[in-house]
Amino acid sequence: MSASRSLEGRVAVVTGAARGVGELLARKLSARGAKVALVGLEPQALKEVSERLHTDSDHWHADVTDHEAMARVAREVKQRFGKVDIVVANAGVAAGGPFADSDPDAWRRVIEVNLIGGAVTARAFLPVLAESRGYFLQIASLAAITPAPMMSAYCASKSGVEAFAHCLRAEVGHKGVRVGVGYLSWTDTDMVRGADQDEVMRELRQRLPWPSNRTYPLGPAVDRIVAGIERRSPHVYAQWWLRGMQGVRGCLPGIIATVGRREMQRFEPRLSHVSRGLVGAGGAADEKERAGDTGRH
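Cut-offs applied
Residues numbered from 1 in each chain as written. Predicted model: local features only at pLDDT ≥ 70, side-chain atom pairs only at ≥ 80, totals over all residues. Heavy atoms only, no water. 1 Å grid on protein atoms, 1.4 Å probe; cavity = no way out; pocket = protein on both sides within 12 Å on 5 of 7 lines; lining within 4 Å. Points joined across faces, edges and corners; volume = space filled by probe spheres on them. Helix = DSSP H or I, 4+ residues; strand = E, 2+ residues; numbered from the N terminus. Nonpolar A, V, L, I, M, F, W, Y, C, P; charged D, E, K, R; others polar. Pairing = 2+ DSSP bridges. Axes fitted to C-alpha atoms, helices over the stretch in contact; angles between N-to-C directions. Contact = heavy atoms within 4.5 Å. Expected span 1.5 Å × (residues − 1).

## A closer look at empty space enclosed by the protein
Empty pockets left among the atoms are what a rolling probe the size of a water molecule brings to light.
For step 1, the next point in the chain: Across all of its chains, the model carries three cavities of 30 Å³ or more by this definition.
For step 2, the next point in the chain: As a volume, the largest cavity reaches approximately 90 Å³.
For step 3, the next point in the chain: Considering only enclosed or pocket space, the second largest cavity measures out at about 70 Å³ in volume.
For step 4, the next point in the chain: Every residue lining the second largest cavity is listed: A95, G96, G97, S102, D103, A106, W107, M150, M151, S152, A153 and R276.
For step 5, the next point in the chain: Contributing elements (two or more residues each) for the lining of the second largest cavity: α4 (104-132) and α5 (152-172).
For step 6, the next point in the chain: Looking at the lining of the second largest cavity, its residues break down into six nonpolar, four polar and two charged.

This is the structure in structure tokens:
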């Protein structure tokens, strides 16, 4: 296990920082002395988060899937703070429901934000991370370890970013850049609460085996992420039991296929009522951004 590094005076970039994991992570990094650059789609919310931080901070409005916008953010963050030591690719959206009946635009957008957005973020910031011999943390999910029916876009995107981060780690390690993957189970965020507003999705999740059927508090999960950042860990587990899932992940697709067949048959009469769009406040912000109404002044 790597020794912990002090975050005092470090410069950390957090995407998807307006709420949830990103917002609390920014606060906890700041409380440990890091300067924080917040990136997201909601300028006013980002401004309010920035104003509550303990250390020097600033915020940037950008879509993480936009190469030019993120390259601009990387340049401006370097100009503003002089360096970048830590980048957390946290921005993400989710959609649920059967793949065959899914909204093609919403399905594609989950892949774009979660997978392509992580890669665009890494591409933009790798030059400055190489200068500082810094740390890039890609937030993935339990969905990267195990498949789940009704979550094809989210599982595909999180499996993708996990594989991307593993490849990137091998490519940039000789430059002193460390790359980590962060795994979270169901954590009390707007995204999870938004998914739970759909009755079928909520009941399906409640039928998952313990401990994956619980919603976990946000604070302890983010504390574990911060500890992983301090250690520049290759794997960061926001819930203690997720580490153990790595050893059995090869068995999970077969088990899920067997159980899923039974559960999908049970819920078949109700599937037509499942929401097809992006879930939660973050999903709403993403849809609003793409509609051209960003709320900027």
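Following the structure, the description resumes.
## Observations regarding the sheet that holds strand β7 (residues 235-237)
For step 1, the next point in the chain: The parallel open sheet is built from seven strands, whose spatial order is β3-β2-β1-β4-β5-β6-β7. Both edges of this open sheet fall to β3 (57-61) and β7, since each of them pairs with a single strand only. Between one strand axis and the next, the sheet turns by 20° as a mean value, whatever way the strands run.
For step 2, the next point in the chain: Looking at chain direction, strand β4 (residues 86-89) and strand β5 (residues 135-139) are connected through four bridges and run parallel. Considered in β5, the bridge of I86 is made with Y135.
For step 3, the next point in the chain: Each of β2 (35-40) and β3 touches helix α2 (residues 43-51); the most contacted strand, β3, lies at about 170° to it.

## Thoughts on helix α8 (residues 218-231)
For step 1, the next point in the chain: The end-to-end C-alpha separation of α8 is 20 Å, in line with the 20 Å expected for 14 residues at 1.5 Å each.
For step 2, the next point in the chain: Of the surrounding elements, those touching the buried residues of α8 are α1 (20-31), β4, β5 and β7.
For step 3, the next point in the chain: Backbone geometry just downstream of α8 places R232 in the positive-phi region, at approximately 55°.

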